[in-house]
Amino acid sequence: MITHLFLLQGPTLLERLEFMNYPGLELWKFLNLAIFLTAGIVILRKPISNALSARSEGIKRDLAEAQAQKDQAGQKLAEAESLIAGVDADVQDIRNHAEREAEAEQQRQAAAGEQEIARLKAQATREVEQARKTAHKALQQFLASRSVEIATQSVRRELKPEDDLRLIKERIGELRRAQH
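Residues numbered from 1 in each chain as written. Predicted model: local features only at pLDDT ≥ 70, side-chain atom pairs only at ≥ 80, totals over all residues. Heavy atoms only, no water.

A. A look at the overall build of the protein. Of the regular secondary structure elements, the protein holds four helices and zero strands. Starting at the N terminus, the α and β elements of the protein follow one another as α-α-α-α. Each of the 180 residues in the protein was classed as buried or not, and the buried ones make up 1%. Taken as a whole, the protein presents about 16,500 Å² of accessible surface, with 62% of it coming from carbon and sulfur. (Helix = DSSP H or I, 4+ residues; strand = E, 2+ residues; numbered from the N terminus. Buried < 20%, exposed > 50% of the residue type's maximum accessible area, 1.4 Å probe, protein only. Areas by Shrake-Rupley, 256 points an atom, 1.4 Å probe, with all protein chains shown as cover.)

Shown next, in the form of structure tokens:
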């Protein structure tokens with residue numbers, strides 16, 4: 001009955017399959033490729049699947065590591081930026097501190113200079129006073145010695161022996177009065 005159906009229906013199976021050998025089309029090559037690919041997929045499905053899943057896991061692991069490294073780099077960048085932002089403030093603090101120290105040092109040096117000037121003035125004043133006293137004393141001694149010399153010369157020229165006797169008596173009288 002089946003053969004009968006084929007006969008009734010028209011061309012035979014071989015005639016129908018004849019289009020597969022059509023020059024340039026040759027469907028049998030495509031059928032052969034499909035069988036080969038199907039066999040290859042069936043046979044290699046598990047190793048390829050395992051290799052692809054291992055590769056997928058490796059890629060996921062690499063992505064996770066890359067993400068972790070990216071997060072670390074982001075943290076380091078944030079730390080560096082906070083340090084850089086802090087550096088500006090630190091530099092300004094150091095600059096202000098240095099300016100205050102420089103001003104304080106300038107004031108200390110000015111005060112020390114003024115003290116040194118006052119000390120030198122006082123020392124110069126004492127030295128001038130000492131020099132004045134020394135000069136005054138030397139002048140007094142010079143004048144006294146000169147006066148004595150002049151008086152001695154004058155007395156020798158003008159003093160007579162009777163005047164000398166009278167002066168001696170007057171001085172002795174003064175000394176007696178001073179003792180009582």
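Next comes the rest of the account.
B. Region of the structure containing the confidence of the model for the protein. When pLDDT is averaged across the protein, the result is 83; 86% of the residues are at 70 or more. For the protein, helix H1 (residues 2-9) is the element with the lowest average pLDDT, namely 48, and helix H3 (residues 27-158) is the one with the highest, namely 89. Throughout residues 1-8 the model reports pLDDT below 50, and contacts reaching past four residues in sequence, or to other chains, amount to one contact. (pLDDT = per-residue confidence, 0-100. Contact = heavy atoms within 4.5 Å.)

C. A look at the pattern of salt bridges. Tallied over the entire structure, the rule returns six salt bridges. As a salt-bridge pair, arginine 119 and glutamate 116 come within 2.4 Å of each other at their nearest N and O atoms. With arginine 119 and glutamate 116 both in helix H3, this residue pair falls three residues apart, about one helical turn. Across the pair glutamate 170 and arginine 166 runs a salt bridge whose closest N-O atoms are separated by 3.2 Å. Of this pair, glutamate 170 and arginine 166 both sit in helix H4 (residues 161-179), four residues apart, roughly one helical turn. Owing to a relative accessible area of 34%, glutamate 170 belongs among the partly exposed residues under this scheme. Residue class for arginine 166 comes out partly exposed when judged on its relative accessible area of 44%. (Salt bridge = Lys/Arg side-chain N within 4 Å of Asp/Glu carboxyl O.)

D. Layout of a nonpolar patch on the surface. A grouping of Val42, Ile43, Leu44, Ile48 and Leu52 is seen on the molecular surface, where their side chains present a nonpolar patch of about 510 Å² in accessible area. Tracing the sequence through the fold places isoleucine 43 in helix H3. (Patch = residues over 30% accessible without salt bridge, like charges linked within 9 Å, V, L, I, M, F, W, Y side chains within 5 Å.)

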